[in-house]
Amino acid sequence: MKILVINAGSSSLKFQLYRMHDESVLAKGKVERIGMETAILTYEPENGPELREVSEILDHTTAIRKVLASIVDPDTGVLKSVNEIDAVGHRVVHGGESFKGTVIVNEEVKREIKQLFDLAPLHNPAHLLGITAVEANIPEVSQTVTFDTAFHQTMPPLSYLYPIPMVLYKRHKIRRYGFHGTSHDYVSKHAAAFLGKPLEQLKMITCHIGNGASCTAVLGGKSLDTSMGMTPLEGLMMGTRSGDIDPAIVPFAMSKEELTLNEVNSMLNKHSGLMAISGTSSDMREIQQAMQDGDSKAELAFQMYEYRLRKYIGAYAAAMNGLDVLVFTAGVGENSAILRKAVCDNLTFMGIELDDELNAQRSGSERLISSPASRVAVLVIPTNEELVIAREAHALLNQPN
Ligand SMILES: Nc1ncnc2c1ncn2[C@@H]1O[C@H](COP(=O)(O)OP(=O)(O)O)[C@@H](O)[C@H]1O
Ligand SMILES: CC(=O)OP(=O)(O)O
Ligand SMILES: [Mg+2]
């Protein structure tokens, strides 16, 4: 069985094509800058070099058409026809309270994803575009959706309710949902397996720090609490998202700056975080480079980013009354040794002791970065949301009816 996994974002789309019998990747890549004349398609077939093409890609349907054309290209493709794709698995960020696991796409599922647009404005509209673009390009293929929110459905009411009038939860389902669940689930399981310890007995904090970033208290393998909330805006400071702020800032800024609801939403989601403080970039690599060049605004952005993450780690250790394992994952978590060092060097009171050499090693694989004396095992576990989505689609579509 061959499964194409799609993670559609507002202006980008990542894909991986799996051969499920051995879970090998036949091809992978991404389309960036969708909507622009200079969109970039990167395509990497199993046995060939990475190819890069800059062209006009104005919408998701075109992006998917281009991806499929690469996959079946006579010279560099890995399939003869798109009909060899047995299923397409999508990442969907917000599943609300309706979805506790992966489901097969039908009209009702699409309606539900659409109803949740307001709650994940950067993500859910793009996912639906991805689903309809596949329908347009491979009409007969089975599609599944795997939700970021599913793993967090184990949170107890004391973590998922906000201390505001209950009518808002009852009428509008205003509550914490949490995101990046596929990743938190995957890395927590891998961390326990790596350490050779039963997941059920571990108090773990998983830090998924990419463009979007969230931190989860995983108690005995289950999500107890997580930093993102009703939407992926709450919690940690991110590339362009503010994370936690005083909610009173919203009406105050709206009135002082004469902002509309859309404008204030856009300010907090797209023009805050690292971008706002550094004034130059939302990309951690560029922030680090600017810091090396002596840019004080980039330095402040980095310090705030680290400080806010560290406060969450402290809070979740308190929430679990202890901590056995701290996991770093995603683009920043896996690659930024200086961020991991800054966080861990300020958590020595918790018995965390980093091994600076292990931390600085560049490696794409799972590894321990704390010293033998550390009371908390600190790990880097590369996440693989796409593989989980492929496995879920495979399992669901192969279930006996
Ligand atoms: N070598 C690196 N050092 C520091 N940050 C990195 C490195 N590689 C990638 N990143 C950062 O990872 C982030 C993207 O993470 P990723 O998990 O790919 O996000 P998303 O899935 O949300 O697109 C960017 O801020 C990028 O700068
Ligand atoms: C939920 C979320 O923030 O996702 P991403 O990190 O892909 O933006
Ligand atoms: Mg991501």
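Calculation rules
- Residues numbered from 1 in each chain as written.
- Chains lettered and ligands numbered in written order.
- Predicted model: local features only at pLDDT ≥ 70, side-chain atom pairs only at ≥ 80, totals over all residues.
- Pairing = 2+ DSSP bridges.
- Helix = DSSP H or I, 4+ residues; strand = E, 2+ residues; numbered from the N terminus.
- Domains from an automatic or database assignment.
- Contact = placed C-beta atoms within 7 Å.
- Nonpolar A, V, L, I, M, F, W, Y, C, P; charged D, E, K, R; others polar.
- Axes fitted to C-alpha atoms, helices over the stretch in contact; angles between N-to-C directions.
- Parallel < 35°, antiparallel > 145°, perpendicular 65-115°, else oblique.
- Left-handed = near helix turned anticlockwise from the far one by under 90°.
- UniProt positions renumbered as here; feature names shortened; annotations may be inferred.
- Buried ≥ 20, exposed ≤ 12 C-beta atoms within 10 Å, placed from the backbone.
- Expected span 1.5 Å × (residues − 1).
- Near = placed C-beta within 6 Å.

J.: Would you take a moment to explain the sheet that holds strand 4 (residues 36-45) for this structure?
T.: Spatially, eight strands are ordered 5-4-3-2-1-6-8-7 in an open sheet, and the strand pairing comes out mixed. With one partner strand each, in any of the chains shown, strand 5 (51-57) and strand 7 (103-104) form the two edges of the open sheet. By the bridge criterion, seven bridges tie strand 1 (residues 2-8) to strand 2 (residues 13-19) in an arrangement that is antiparallel. Note that in strand 2 the partner of Lys2 across the bridge is Arg19.

J.: What am I meant to see in the domain arrangement of the protein here?
T.: By a widely used convention, the size of an interface equals the accessible area lost when the partners come together. Assigned domains of the protein: these are domain 1 (2-147) and domain 2 (197-385). For domain 1 and domain 2, the distance between their C-alpha centres works out to 27 Å. Counting residues at the interface gives eight residues for domain 1 and six residues for domain 2. Looking at the side of domain 1 that touches domain 2 residue by residue, the classes come out as five nonpolar, two polar and one charged.

J.: For this particular structure, what's the right way to read the packing of helix 2 (residues 107-115) against helix 3 (residues 124-137)?
T.: To describe two helices that pack against each other, one gives the angle between their axes and the distance between the axes. Taken N-terminus to C-terminus, the directions of helix 2 and helix 3 make an angle of 155°; their axes are 9 Å apart at the nearest point. Taken together, helix 2 and helix 3 sit at an angle that is classed as roughly antiparallel. For the element pair helix 2 and helix 3, the recorded crossing hand is left-handed. Contacts from Lys110, Ile113 and Lys114 of helix 2 reach helix 3 at Asn124, His127, Leu128 and Ile131. Of the residues that constitute the contact of helix 2 with helix 3, the class distribution is three nonpolar, two polar and two charged.

J.: For this particular structure, what's the right way to read the UniProt feature "binding site: substrate" (unreviewed entry) in the protein?
T.: The UniProt feature table records "binding site: substrate" (unreviewed entry) at Arg91. Given 22 C-beta atoms within 10 Å, Arg91 falls into the buried group. Once you skip the residues sitting within four places of it in the chain, Arg91 turns out to touch Asn7, Thr146, Glu385 and Ile389.

J.: It is not clear to me how helix 6 (residues 181-195) should be interpreted in this structure. Could you clarify?
T.: Along an α-helix, residues three or four positions apart point the same way, because every turn accommodates 3.6 residues. Counted at 1.5 Å a residue, the expected span for helix 6 with its 15 residues is 21 Å, and the 21 Å between its end C-alpha atoms agrees. Considered for burial, the residues of helix 6 that qualify are Gly181, Thr182, Ser183, His184, Asp185, Tyr186, Val187, Ser188, Ala191 and Ala192.

J.: What is the right way to read the site of ligand 1 from this model?
T.: As a structural note, the neighbourhood of ligand 1 is formed by 13 residues, with Gly210, Asn211, Met284, Gly331 and Asn335 the closest of them. Secondary-structure elements contributing two or more residues to the shell around ligand 1 are helix 10 (284-292) and helix 12 (330-335). Examining the composition of the shell around ligand 1, we find that four residues originate from one element, helix 12, more than from any other. Here the shell around ligand 1 is built from residues that sort into three nonpolar, eight polar and two charged.

J.: Sorry if this is basic, but what is going on with the pairing of strand 10 (residues 213-219) here?
T.: As a general feature of sheets, a regular strand has side chains that alternate between the two faces. Burial analysis of strand 10 places seven of its seven residues in the buried class, the great majority of the element. By the alternation rule, side chains of strand 10 split into Ala213, Cys215, Ala217 and Leu219 and Ser214, Thr216 and Val218, which are all buried. As judged from the seven bridges shared by strand 9 (residues 203-209) and strand 10, these two strands associate in the antiparallel manner. Its bridge partner being in strand 10, Cys207 is matched across the sheet by Cys215.

J.: How should the site of ligand 2 be read in this particular structure?
T.: In the region of ligand 2, the neighbouring residues are Val93, His123, Asp148, Phe179, His180, Gly210, Asn211, Gly212 and Pro232. Across the shell around ligand 2, the residue classes break down as three nonpolar, five polar and one charged.

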